Amino acid sequence: MKMDDDGRGKDLNAMDTDTSKSSMMTLLWKIPTIAAVYFAGASFSGWISEGLGLRFPEFPGREYSPVLGYLAALVLAAGVSLLARGLRGSTAWRWLMLFAFTYTAYCVNNQIEGAVFTTESGFESNLVFFLLPCALATVAAVLLFDAPDEDPVLTTVFSDRPVSSWWWRFGIAWVAFPFIYYFFGAFAYPLVKDAYQSGDFALEVPSQSLILGAAFTRSLLFLLATIPILMYWSKSRRSLVFSLGAALAAMVGLVAMIEAIWLPTPVRIVHGVEIAIDSLVHAWVLVALLIPRSFERLNVETSGSS
């Protein structure tokens, strides 16, 4: 009997290993495909923007590198893929959720940040430019990654509950990002302040009121774009924290830092590390507040008693 149990255990381990290898091989071709679709969409959007006569920010010493552009597209595609793999629902609904999140976190967020911390203008043109590549990349992700087969196992605080039971969680989630942003920014700024004060890279440090206003605006946008992701996630809380954190890290800054070759390398590295940590902590806070373990256990107990 013990031999049979051991044998079944070995077979299950082998099956898990094979599944992991198959999943990894799938990612190795799907992520580059999504990146290629995004890259093509960005190229086409560039032609459209040129025809419309849109004016974009012009940073001193900025140069375009197709290699770095595609590398950045790969990072963005990886973030999109992590979310697409865990979202349930119809194809159209999955695309809408993924597009809204990607466009908000990657495009709208970065234009706010750029308008606040640089002396350049024309960021509103990017809102038009990134519409097509974000739409195409998320379409590709939804089509390449099927909706998960498993039933949803996570219960958000919004599910069949009155506003009075969760409004304070929403409020804390809104305040959380500015706090995280300021906390880790305090460690990063001394390492990059020379670049902001030199005036050589079109960077500036605005008033604290402007920084705070931008942080709260960005936080609300993140929160609204993330809620559908939380409500339609069908994998574990741990996988949600990692996937959401990695996607935010990619979209909020890593892609931009890869392409911002006009900035000094130390500045790009410091901001890249800062954004990655910010994003993972932010994702953990959102999941802890809006999908608490107590709600998940309550849901399981209720299902069992019925």
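Residues numbered from 1 in each chain as written. Predicted model: local features only at pLDDT ≥ 70, side-chain atom pairs only at ≥ 80, totals over all residues. Heavy atoms only, no water.

(A) Spatial organisation of the state of the cysteines. Tallied over the full model, the rule gives 0 disulfides. Between C107, a free cysteine, and C134, which holds the nearest cysteine sulfur, the sulfur-to-sulfur gap is 6.0 Å. Given the relative accessible area of 0%, C107 is considered buried. (Disulfide = S-S within 2.5 Å. Buried < 20%, exposed > 50% of the residue type's maximum accessible area, 1.4 Å probe, protein only.)

(B) The arrangement of a nonpolar patch on the surface in detail. Residues F44, W47, I48, L52 and V128 make up a contiguous nonpolar surface patch of about 540 Å² in total accessible area. Among the elements that take part in the nonpolar patch, helix 1 (residues 2–52) stands out by supplying 4 residues, more than any other. Structurally, F44 is set in helix 1. (Patch = residues over 30% accessible without salt bridge, like charges linked within 9 Å, V, L, I, M, F, W, Y side chains within 5 Å. Areas by Shrake-Rupley, 256 points an atom, 1.4 Å probe, with all protein chains shown as cover. Salt bridge = Lys/Arg side-chain N within 4 Å of Asp/Glu carboxyl O. Helix = DSSP H or I, 4+ residues; strand = E, 2+ residues; numbered from the N terminus.)

(C) Representation of the environment of K193 within the structure. Note that K193 resides in helix 6 (residues 167–198). Residue classification places K193 among the partly exposed positions, given a relative accessible area of 35%. Linking K193 and L203, residues 10 residues apart in sequence, is a C-alpha distance of 9.8 Å.

(D) View of the packing of helix 3 (residues 91–117) against helix 5 (residues 131–144). Contact pair helix 3 / helix 5: the axes reach a minimum separation of 9 Å and the direction vectors enclose 140°. When the axes of helix 3 and helix 5 are compared, the pair comes out oblique. Read as a crossing pair, helix 3 and helix 5 show a hand that is right-handed. Where helix 3 abuts helix 5, its residues T91, R94, W95, L98, F99, T102, Y103 and Y106 lie against L131, C134, A135, T138, V139, A141, V142 and L143. Taken together, the residues of the contact of helix 3 with helix 5 sort by class into 12 nonpolar, 3 polar and 1 charged. (Axes fitted to C-alpha atoms, helices over the stretch in contact; angles between N-to-C directions. Parallel < 35°, antiparallel > 145°, perpendicular 65-115°, else oblique. Left-handed = near helix turned anticlockwise from the far one by under 90°. Contact = heavy atoms within 4.5 Å. Nonpolar A, V, L, I, M, F, W, Y, C, P; charged D, E, K, R; others polar.)

(E) Representation of helix 8 (residues 237–259) in the model. Here helix 8 contains 23 residues, and its C-alpha end-to-end distance of 32 Å stays within 8% of the 33 Å for a straight helix at 1.5 Å per residue. For helix 8, the principal kink sits at A250 and spans about 45°. (Expected span 1.5 Å × (residues − 1). Bend = angle between axes of the 7 residues up to and from the residue.)

(F) Structural context of the packing of aromatic side chains. The final tally for this structure, using the stated rule, is 21 aromatic pairs. Between the aromatic rings of F129 and F130, the centroid separation amounts to 5.0 Å while the plane-to-plane angle is 85°, which identifies the pairing as edge-to-face. On the accessibility criterion, F129 (15% relative accessible area) is buried. When the ring centre of F145 is taken as origin, the NZ or CZ atom of K30, which lies over that ring, is 4.8 Å away. (Phe/Tyr/Trp six-rings, centres within 6.5 Å; stacked < 30°, edge-to-face > 60°. Lys NZ or Arg CZ within 6 Å of the ring centre and 35° of its normal.)

(G) The confidence of the model for the protein chain, seen in detail. Mean pLDDT over the protein chain: 88, with 87% of residues reaching 70 or higher. Across residues 8–19, confidence stays below pLDDT 50; counting only partners more than four residues off in sequence or on other chains, it has 0 contacts. A low-confidence stretch, residues 297–306 stays under pLDDT 50, and its non-local contacts, those more than four residues away or across chains, total 2 contacts. (pLDDT = per-residue confidence, 0-100.)

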